[in-house]
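Structural features, examined
Here is what each chain is made of, one letter per residue.
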Amino acid sequence: MEMNTQIRPFSIDIPQAELDDLHVRLARTRWPVALPGVGWERGTPVGYLRELAEYWRTGFDWRAQEARLNAFANYTTEIDGQAIHFLHVRSPEPDALPLLVSHGWPSTVAEFEKVIGPLTDPRAHGGDPGQAFHLVVPSLPGFGLSPEVATTGWGLPRTVDAYAELMRRLGYERYGTQGGDIGAGVAGMLAGVAPEAVVGIHMNGPTNFAKPTPGQEFTEREQERLKAEADFGEHRSGYLLLQSNQPSTIAVALTDSPVAQLSWIVEKFQAWTDPAKHLPEEAVDRDQLLANVALTWFFQGGAGSANFVYESMNGELAWSPPGLEDDQRPEVEAHGESWASPSVPMAVAVFAGDTSVRSLIDTGNVSRWTEFEVGGHFPAMEAPDELVGDIRAFFATVR
């Protein structure tokens, strides 16, 4: 296959006309009636959303966020016919370990703004310069910055192949992987696609790979997590069912209405962040949250990410590692065994809002398991110091 392998500098520059259009759409939103006594149990409350949308329209400074993101080295390249955007932030330390970091849903590379400096330049942030990383932070295809795909088939397996090619194209023959949510799948599968290159896998809050078996014992904390996981499946998984089955339906609303896109994302920031925090802006910086929403809006990432979920959930390749019973994951044939080899060390960081249980995840290669009493699904935004510390500690053992 012929490919344009050129790596081109990229700059985010949203036309003023698109900003003006956003503000007009926000001002003209047709709001539903807010039912009395209804809170987050039914989704994003109308009253809360109206206030946040008004701040997005009148108080949020997109140009400041744009400048902050452009301060990192942004690039784009074409792989398998698809433009892939990525941040490539090299460390000043010559012996830094390359590390590919992948975001998940619903997010963008803006999620990692607070951890890029400490990971690439620990000397400047009170850390050990021997624990530095060269960071490669791609935008998932269709999620924003990497534009919406023009063909079907762009799910997790094809993306992982593209990321492996990206690392080869950048000249990295030995590197680590890190991610949460979809990014955890990327981190693990890359070790299966390029086992000779990946030296270690770091995941935060991965979904449990296996189901509990009759008679299996769990600690009180693990039982709480399993209860939360069950509650998610029964009451909070509507977004996943819709995107996994009818992504085109929700894609229209997310592409046409910025408030629909805001509500779709902010509800997950309330549900998945630190359970000790009631409102999203208590858990994460409000402007950083809106930077993620704005990137998704400007680059039509609502539609792109919904289609990505559909492709990934309906493909042949499992989102879980080897070592499970055959009836717990589909057979993998055409793509090969693409989950991490048990010989590749893995670390798992579990934050307060996560539901990860070690006995349902560890198939023999988890060499580090750390649990934190803070944070949740977006630790790079919620608990950046804890996440950076855990990444440093794990990769110090495999460098």
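Every chain is numbered on its own, with residues counted from 1 as its sequence reads. Totals for whole chains, interfaces and linings use every residue, but because this is a predicted model, local features are given only for residues with pLDDT of at least 70 and side-chain atom pairs only at 80 or more, for both listing and counting. Only hydrogens and water are removed before side-chain values are computed, so all heavy atoms of the structure are retained for them.

1. Looking at unusual backbone geometry
Of the consecutive residues Trp105 and Pro106, the connecting peptide bond is found in the cis state with omega at -5°. Each helix corresponds to a stretch of at least 4 residues labelled H or I by DSSP, and each strand to a stretch of at least 2 residues labelled E; elements are numbered beginning at the N terminus. Position of Pro106 among the secondary structure elements: in the loop between β4 (97-102) and α4 (113-120). A positive phi is found at Asp80, a non-glycine position, where the angle reads about 55°. Within the element layout of this structure, Asp80 appears in the loop between β2 (74-79) and β3 (82-89).

2. Some remarks on the sheet that holds β4
Paired strands, in this sense, are two strands between which DSSP finds at least two bridges. Spatially, β1-β2-β3-β5-β4-β6-β7-β8-β9 is the arrangement adopted by the nine strands of the open sheet, whose pairing is mixed. The open sheet has two free edges, formed respectively by β1 (7-9) and β9 (366-371), since each of these has just one partner strand. Averaged over all pairs of adjacent strands, the angle between strand axes in this sheet comes to 25°, irrespective of strand direction. Sheet analysis places β4 next to strand β6 (residues 175-180), joined by four bridges and oriented parallel. By the bridge assignment, Leu99 is partnered in β6 with Gly176. Residues are treated as being in contact if the distance between any of their heavy atoms lies within 4.5 Å. Lines fitted to C-alpha atoms define the axes, with helix axes restricted to the stretch in contact, and inter-axis angles between N-to-C directions lie between 0 and 180 degrees. Against the sheet, helix α6 (residues 182-193) engages β4, β6 and β7 (198-204), with an angle of about 155° to β6.

3. Quick notes on helix α3 (residues 62-70)
Relative accessibility under 20% of the residue-type maximum defines a buried residue, over 50% an exposed one, and the middle range a partly exposed one, all with a 1.4 Å probe and only protein chains included. Those residues of α3 that fall on the buried side of the exposure criterion are Trp62, Gln65, Glu66 and Leu69. Looking straight down α3, one finds its buried side chains confined to an arc of 105°; they lie on one side. Contact partners of the buried residues in α3: α1 (16-27), β2, α4 and α12 (286-298). The distance from a side-chain oxygen at the start of α3 to the backbone nitrogen of Arg63 is 3.2 Å, and the residue carrying that oxygen is Asp61. Directions from the helix axis toward the C-beta atoms define the arc. Side-chain atoms alone can form a polar contact between residues adjacent in sequence; in general such a contact is a pair of N or O atoms within 3.5 Å, and within protein one must be able to donate a hydrogen while the other accepts it.

4. Some remarks on empty space enclosed by the protein
Buried and open spaces are told apart on a 1 Å grid over the protein atoms alone, a cavity being a set of points where a 1.4 Å probe fits but cannot get out and a pocket being an open set with protein on both sides within 12 Å along at least five of seven lines. Residues with an atom within 4 Å of a point are the lining residues. Grid points are joined across faces, edges and corners, and a volume is the space filled by probe spheres set on the points. Overall, the coordinates contain four cavities of 30 Å³ or more when judged by the stated rule. Roughly 100 Å³ of volume is contained in the largest cavity. The wall of the largest cavity is formed by 17 residues, among which Gly104, Glu111, Gly180, Asn204 and His377 lie closest to the centre. For the lining of the largest cavity, the secondary structure elements donating two or more residues are β6 and α14 (379-382). A volume near 60 Å³ is recorded for the second largest cavity. In terms of lining residues, the second largest cavity is bounded by Trp105, Pro106, Ser107, Phe143, Leu254, Gln261, Trp264, Ile265, Thr296, Gly301, Gly302 and Ser305. Classification convention: Asp, Glu, Lys, Arg as charged; Ala, Val, Leu, Ile, Met, Phe, Trp, Tyr, Cys, Pro as nonpolar; all other residues, Gly among them, as polar. Residue classes in the lining of the second largest cavity are distributed as six nonpolar, six polar and no charged.

5. Overview of the UniProt feature "domain: Epoxide hydrolase N-terminal" (unreviewed entry) in the protein chain
UniProt positions are given in the numbering used here, feature names are shortened, and annotations may be inferred rather than shown by experiment. As annotated in UniProt, the feature "domain: Epoxide hydrolase N-terminal" (unreviewed entry) corresponds to residues 7-112 in the numbering used here. With 32% helix and 22% strand, residues 7-112 has end C-alpha atoms that lie 22 Å from one another.

6. With respect to α4
The element α4 is extensively covered by neighbouring structure, given that six of its eight residues are classed as buried. On its buried side, α4 packs onto α3, β3, β5 (133-138), α12, α14 and α15 (384-395).

7. So, the pairing of β7
Burial of β7 is extensive: seven of the seven residues sit out of reach of the surface. Bridge count between β6 and β7: six bridges; the pairing is parallel. Across the sheet, residue Thr177 finds its bridge partner in β7, namely Ile201. When the strands point away from the viewer and the path from the first strand over the helix to the second turns clockwise, the crossover is right-handed. Read from β6 through α6 to β7, the crossover connection turns out right-handed.

8. Regarding the layout of surface pockets
There is about 430 Å³ of room inside the second largest pocket. Taken together, 23 residues line the second largest pocket, and the ones lying closest to its centre are Trp31, Pro32, Thr44, Val46 and Leu49. Looking at the lining of the second largest pocket, the elements with two or more residues in it are α2 (46-58) and α10 (258-272). Here the residues of the lining of the second largest pocket sort into eleven nonpolar, seven polar and five charged.

9. Here we look at the confidence of the model for the protein chain
Summarising the model, the protein chain shows a mean pLDDT of 93, and 92% of its residues fall at 70 or more. Every residue in residues 322-338 is under pLDDT 50, and counting partners more than four places away or in other chains gives 36 contacts. Per-residue confidence from the predictor is reported as pLDDT, a score between 0 and 100.

10. A look at the environment of Ser146
Of note, Ser146 is situated in the loop between β5 and α5 (156-169). Exposure remark for Ser146: the relative accessible area of 0% places this residue in the buried category. Along the sequence, Ser146 and Glu78 sit 68 residues apart, while their C-alpha atoms lie 10.0 Å from each other. Setting aside its immediate chain neighbours within four residues, Ser146 contacts Gln82, Ala83, Ile84, His85, Ser139, Leu140 and Pro141.

11. Topic: the pattern of salt bridges
For this document, the term salt bridge refers to a Lys or Arg side-chain nitrogen within 4 Å of an Asp or Glu carboxyl oxygen. Applying the stated criterion across every chain, the model contains 15 salt bridges. Between Asp256 and Arg25 there is a salt bridge, with the nearest N and O atoms lying 3.4 Å from each other. With Asp256 in helix α9 (residues 247-256) and Arg25 in helix α1, this pair connects stretches of sequence that are 231 residues apart. Residue classification places Arg25 among the partly exposed positions, given a relative accessible area of 30%. Across the salt bridge formed by Glu267 and Lys268, the nearest N and O atoms sit 2.9 Å from each other. Each member of the pair, Glu267 as well as Lys268, is classed as buried. Each of Asp21, Arg25 and Asp256 takes part in salt bridges that share partners, so that together they form one network.

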